[in-house]
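# Residue-level structure breakdown
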Amino acid sequence: LMLHQTLIMGTGILGGEQNAQRLAGKDGYWLHVSPIKLLLVRTLIFVVIYWLLAIFYFGFSFDFYSVPHNADLAELNLLILPFLLSAALLGICLGLLLPRRELATLLVLLSSMPLIFGCGFIWPTTAIPAAITSVIQYVPVVPAINGFLHLNQMGADFSAILLSWIQLWICTGIYGFLAWLLLHLRHKQVKSVGVQPKDLG
């Protein structure tokens, strides 16, 4: 959850800051570079940074503090990859929608407690309305935590978390498409105006 929330916060702050600069009439590379290139590079940078953090948390930290763990490193990385991709893309989507960077932190803080309860490891999902549990499944941290607990703490085989893994890839596809669409629309708007970015505000 900490990796998920800070990753979304970081990408959201970056996007919100760039939106604020655009609305203030300031120009920037993000307004003119190809949407697909911007999306791929931004996602790659955040995923690499957070992959290193994830390996630190789930590797060194678990060993250092003698936390029991059963997952094979290769299987753990298979789960981490779509989790980080989907979380980064969700954060990019939010950043493209937020007019100010501080709103990203506010959204992350407000969503943390509902996500903790919605994941089902400290509160039974049967006690949560079905509509809420259905919607919350599309937040990457929910299938990621379920998969991680089964794989790393319960020693389950990877086939046991296959549905959670597929769910994470579905989230990656959904948020990846939405992020590209938002970037494409912004790029198209900037090109059609053809003058100063401040006119878009």
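With that settled, the discussion passes to the overall build of the protein. A count of helical and extended segments in the protein gives 7 helices and 0 strands. When its helices and strands are written in sequence order, the protein yields α-α-α-α-α-α-α. Taken against the 2.2 N^0.38 rule, which gives 17 Å for 201 residues, the C-alpha radius of gyration of the protein at 18 Å falls within 12% of a compact globule. With respect to the three principal axes, the spread of C-alpha positions in the protein is 60 × 35 × 30 Å.

Interhelical geometry of helix 1 (residues 2–23) versus helix 2 (residues 35–64) gives an angle of 155 degrees and a closest axis separation of 11 Å. With respect to each other, helix 1 and helix 2 are oriented roughly antiparallel. Note on packing geometry: the crossing formed by helix 1 with helix 2 is right-handed. Along its contact with helix 1, which presents Met-2, Leu-3, Thr-6, Leu-7, Gly-10, Thr-11, Leu-14 and Gln-18, the element helix 2 presents Arg-42, Phe-46, Tyr-50, Leu-53, Ala-54, Tyr-57 and Phe-58.

Another aspect to go through is the environment of Asn-70. Inspection of the secondary structure assignment puts Asn-70 in the loop between helix 2 and helix 3 (73–97). Sequence separation between Asn-70 and Gln-137 is 67 residues; the distance between their C-alpha atoms is 25 Å. The residues touching Asn-70, leaving out its near neighbours within four places in the chain, are Leu-151, Asn-152, Gln-153, Met-154 and Gly-155.

According to the stated counting rule, one finds 6 aromatic pairs in the structure shown. Here the aromatic rings of Tyr-29 and Trp-30 are separated by 5.2 Å at their centres, their planes lie at 80 degrees, and the arrangement is edge-to-face. An aromatic cluster is built from Phe-158, Trp-165 and Trp-169, whose rings are joined through pairwise contacts.

Turning to the environment of Ile-145, a few remarks are in order. By secondary structure assignment, the location of Ile-145 is in helix 6 (residues 141–153). Under the relative-accessibility criterion, Ile-145 is labelled buried at 13%. It is 9.9 Å that separates the C-alpha atoms of Ile-145 and Ile-116, two residues lying 29 residues apart in sequence.

In this model, the protein carries an average pLDDT of 87, and 96% of its residues clear a pLDDT of 70 or more. Confidence, expressed as mean pLDDT per element, reaches its minimum in the protein at helix 5 (residues 130–136) with 83 and its maximum at helix 3 with 94.

Let's shift gears to the nonpolar core. Counting 22 residues, the largest nonpolar core has Leu-7, Leu-79, Phe-83, Leu-84 and Leu-151 as its most contacted members. Of all elements in the fold, only helix 1, helix 2, helix 3 and helix 6 reach the threshold of two or more residues within this core. Looking at this core, the element that brings in the most residues is helix 3, giving 8 residues. Among all residues touching Phe-83, those that are not within four sequence positions of it are Leu-3, His-4, Pro-140, Val-141, Ala-144 and Leu-168. With 16 residues, the next largest nonpolar core counts Trp-30, Leu-39, Cys-93 and Val-108 among its residues.

Reading the values: the criteria
Residues numbered from 1 in each chain as written. Predicted model: local features only at pLDDT ≥ 70, side-chain atom pairs only at ≥ 80, totals over all residues. Heavy atoms only, no water. Helix = DSSP H or I, 4+ residues; strand = E, 2+ residues; numbered from the N terminus. Rg over C-alpha atoms; globule rule 2.2 N^0.38 Å. Axes fitted to C-alpha atoms, helices over the stretch in contact; angles between N-to-C directions. Parallel < 35°, antiparallel > 145°, perpendicular 65-115°, else oblique. Left-handed = near helix turned anticlockwise from the far one by under 90°. Contact = heavy atoms within 4.5 Å. Phe/Tyr/Trp six-rings, centres within 6.5 Å; stacked < 30°, edge-to-face > 60°. Buried < 20%, exposed > 50% of the residue type's maximum accessible area, 1.4 Å probe, protein only. pLDDT = per-residue confidence, 0-100. Core = buried A, V, L, I, M, F, W, Y, C linked by side-chain atoms within 4.5 Å.

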